[in-house]
Amino acid sequence: MKLLEEWDGEFDLITWVPISRRRKFRRGYDQVELLALAVGTELEITPVPLLKKVRHTPPQSGITGDAARRANVLGAYRVTNPDSVAGKRILLLDDVITTGNTMVKTIELLAAAGYTVMPIIGIRNQ
């Protein structure tokens, strides 16, 4: 499998950028968690939830302007149980990357908790 050939040995675990509890309740699932489970199955690695969305925010896709998008994700996420796997190299998944503000903020949080964040899988929205 191509994914395994490209990413094998470069990270220790997989995690994802979660959606809010409210959005997950309304939708019935977290699409990025499902993506993480599929990637994890292919790589034979169980994804680990390292992030929690602690504040419901409007979707980034509906917000215009880089400053407004940055403000939208400010304080929206926190790292769960940072001591359990600190120092690990992680592959962080998100579904859509537009300006990258969500990814930047979550990478900063994970790095502050002691993780090394490896390249990101996502769909670049242009």
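Residues numbered from 1 in each chain as written. Predicted model: local features only at pLDDT ≥ 70, side-chain atom pairs only at ≥ 80, totals over all residues. Heavy atoms only, no water.

Colleague: Tell me what's going on with the overall build of the protein, and back it up with residues and numbers.
Modeller: Counting its regular elements, the protein contains five helices and five strands. Counting all 126 residues of the protein, 38% fall into the buried class. A sequence separation of at least 24 residues applies to 77% of the contacts in the protein between residues at least 6 apart. Of the accessible surface of the protein, which amounts to about 7,200 Å², a share of 54% is contributed by carbon and sulfur atoms. (Helix = DSSP H or I, 4+ residues; strand = E, 2+ residues; numbered from the N terminus. Buried < 20%, exposed > 50% of the residue type's maximum accessible area, 1.4 Å probe, protein only. Contact = heavy atoms within 4.5 Å. Areas by Shrake-Rupley, 256 points an atom, 1.4 Å probe, with all protein chains shown as cover.)

Colleague: Please set out the nonpolar core residue by residue, giving values where relevant.
Modeller: Within the largest apolar cluster, 15 residues are counted, with the highest numbers of intra-cluster contacts made by Leu-50, Val-79, Ile-90, Leu-92, Leu-110 and Tyr-115. The element best represented in this core is strand S4 (residues 89-97), accounting for three residues. With 10 residues, the next largest nonpolar core counts Phe-11, Val-32, Leu-43 and Leu-91 among its residues. (Core = buried A, V, L, I, M, F, W, Y, C linked by side-chain atoms within 4.5 Å.)

Colleague: How would you sum up unusual backbone geometry? Please name residues and give values.
Modeller: Backbone geometry follows two general trends: most residues other than glycine have a negative phi, and most peptide bonds adopt the trans configuration. Look at Glu-44: it is not a glycine, yet its phi comes out positive at around 60 degrees. Mapping Glu-44 onto the fold places it in the loop between helix H3 (31-43) and strand S2 (51-53).

Colleague: I'd love a proper account of the pattern of salt bridges, names of residues and values included.
Modeller: In total, this model carries four salt bridges according to the counting rule given. Its salt-bridge partner being Asp-66, residue Arg-70 comes within 2.3 Å of it at the nearest N-O pair. In this pair, Arg-70 and Asp-66 both sit in helix H4 (residues 66-73), four residues apart, roughly one turn of the helix. With relative accessibility at 42%, the residue Arg-70 sits in the partly exposed group. The class of Asp-66 is partly exposed, set by a relative accessible area of 38%. (Salt bridge = Lys/Arg side-chain N within 4 Å of Asp/Glu carboxyl O.)

Colleague: Describe in detail the environment of Arg-27, supporting the description with residues and values.
Modeller: Tracing the sequence through the fold places Arg-27 in helix H2 (residues 21-27). Judged by its relative accessible area of 35%, Arg-27 falls in the partly exposed class. There is a polar contact of 2.3 Å between the side chain of Arg-27 and the side chain of Gln-31. (Polar contact = N/O pair within 3.5 Å; in protein donor to acceptor, adjacent residues only side chain to side chain.)

Colleague: Describe the pairing of strand S1 (residues 13-16), listing the residues and the values that go with them.
Modeller: Burial along S1 is two-sided: Leu-13 and Thr-15 and Ile-14 and Trp-16, pointing in opposite directions, are all buried. In this sheet, S4 lies alongside S1 in parallel orientation, the contact comprising four bridges. Residue Trp-16 lies in a different strand from S4, and its bridge partner there is Leu-93. (Pairing = 2+ DSSP bridges.)

Colleague: If you had to explain H4 to someone new, which residues and values would you point to?
Modeller: Three or more residues of H4 are buried, namely Arg-69, Asn-72 and Val-73. Looking down the long axis of H4, one finds its buried residues gathered within 85 degrees of arc, a one-sided arrangement. Those residues of H4 hidden inside the fold are in contact with strand S3 (77-79) and helix H5 (101-112). Phi turns positive one or two residues past the end of H4, at Gly-75, with a value near 75 degrees. (Arc of directions from axis to C-beta.)

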